[in-house]
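Spelled out from the first residue to the last, the chains are:
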Amino acid sequence: MRQAGRYMKSYQILCEKHPSFRERSENVDLVVEISLQPWKVFQPDGVILFSDILTPLSGMNIPFDIIKGKGPVIFDPPRTATDVEKVREFIPEESVPYVGEALTILRKEVNNQAAVLGFVGAPFTLASYVIEGGSSKNFTKIKRLAFAEPKVLHALLQKFATSMAKYIRYQADNGAQAVQIFDSWATELSPVDFEEFSLPYLKQIVDSVKLTHPDLPLILYASGSGGLLERLLLTGVDVVSLDWTVDIADGRRRLGPNVAVQGNVDPGVLFGSKEFITNRINDTVKKAGRGKHILNLGHGIKVGTPEENVAHFFEVAKGLRY
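Computed from a predicted model, the values in this text were never measured in an experiment.

*Asks:* How would you sum up the overall build of the chain? Please name residues and give values.
*Replies:* Counting its regular elements, the chain contains 15 helices and nine strands. At 19 Å, the chain has a C-alpha radius of gyration in line with the 20 Å of a compact globule built from 322 residues. Along the first, second and third principal axes, the C-alpha atoms of the chain reach 55 × 45 × 40 Å. Looking at the 322 residues of the chain, the share that counts as buried comes to 54%. Sequence-distant contacts in the chain: of pairs separated by 6 or more residues, those separated by 24 or more amount to 71%. Looking at the chain as shown, the accessible area adds up to about 14300 Å², and 52% of this sits on carbon and sulfur atoms.

Printed below as a string of structure tokens:
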């Protein structure tokens, strides 16, 4: 959950030398260095590829940039059937060879002392960024398209679904041992609209990947997903990652015994005292029950989080025994 990044001094120093996010996430040496920064300091059980869910867009003929202080900017948002026709299906080995190279190097560097994790964006979330032209508060543009011209949106979602299934396979073939799918904006949909515009495409990705990579663990994360948990289960993923707004005991009960849960400590807890952090970790682990639980934060680490508190989180977690 944003394991490498802005809270680490070593990352901030690197950003001064390399201010462009695109450069940091598309240069093999920098990707490897940044991915390994938290692992070298904290020794977590997973090493997350440093990248972005929007990284595939350029290879799909959707020009974009990530601008400091503003976030993602899509230069020419596709909003008509003609625009969507121009969107290409993604061929990862041609468009993002640096991702495969970085994963291969990470596997060697980590040497099975931790799992190397990849990730992709879910179709609805990618479509939200692309149609809105960047981040959004109200999602009016994508909802206008969904409810006024659903065929156009479905055509775009299908391209993203096919492309992300390919991208997951590519990451796995190059060293990723598990892949997380981020459907960050799916929770902007009502349950009935989630069933039309997100669920079928998530299920399609999972089914497609499982045909070729049946043993690759797939994790699904959607922040604020308390109202959709039972529907997330229908995607067929192996792990559902919960944010901190769901009681993990309730989440476990609602999801049933066959899926693992990940999470879900509030990242803000890491601003508390060491005793407070310890108590919250113990509470989360106790509520999650025995087995099939990946202890994690419920969202990305916040800027300004004291690194010593991050270290404490890992020390406490590693000392726990059922």
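*Asks:* Account for the sheet that holds strand β4 (residues 115–121), naming residues and giving values.
*Replies:* Hydrogen bonds between backbone atoms are what pair the strands of a sheet, whose relative direction is either parallel or antiparallel. Within the open sheet, the seven strands sit side by side as β1-β4-β5-β6-β7-β8-β9. Their pairing is parallel. Two strands in the sheet have a free side with no partner beyond their single neighbour: β1 (46–48) and β9 (293–297). Each neighbouring strand pair of the sheet contributes to a mean axis angle of 25 degrees, computed without reference to strand direction. The sheet contacts of helix α6 (residues 97–110) involve β1 and β4, and relative to β4 the element is tilted by about 155 degrees.

*Asks:* Go over the nonpolar core with me, naming the residues and quoting the values.
*Replies:* In this structure, Leu153, Phe160, Ile168 and Ile181 are the most contacted members of the largest nonpolar core, which totals 106 residues. It is helix α9 (residues 150–173) that provides the largest number of residues to this core, a total of 12 residues. Residues within four places of Phe160 in sequence aside, it is in contact with Leu57, Met60, Ile62, Pro123, Leu126, Ala127 and Val130.

Cut-off values and rules
Residues numbered from 1 in each chain as written. Predicted model: local features only at pLDDT ≥ 70, side-chain atom pairs only at ≥ 80, totals over all residues. Heavy atoms only, no water. Helix = DSSP H or I, 4+ residues; strand = E, 2+ residues; numbered from the N terminus. Rg over C-alpha atoms; globule rule 2.2 N^0.38 Å. Buried < 20%, exposed > 50% of the residue type's maximum accessible area, 1.4 Å probe, protein only. Contact = heavy atoms within 4.5 Å. Areas by Shrake-Rupley, 256 points an atom, 1.4 Å probe, with all protein chains shown as cover. Pairing = 2+ DSSP bridges. Axes fitted to C-alpha atoms, helices over the stretch in contact; angles between N-to-C directions. Core = buried A, V, L, I, M, F, W, Y, C linked by side-chain atoms within 4.5 Å.

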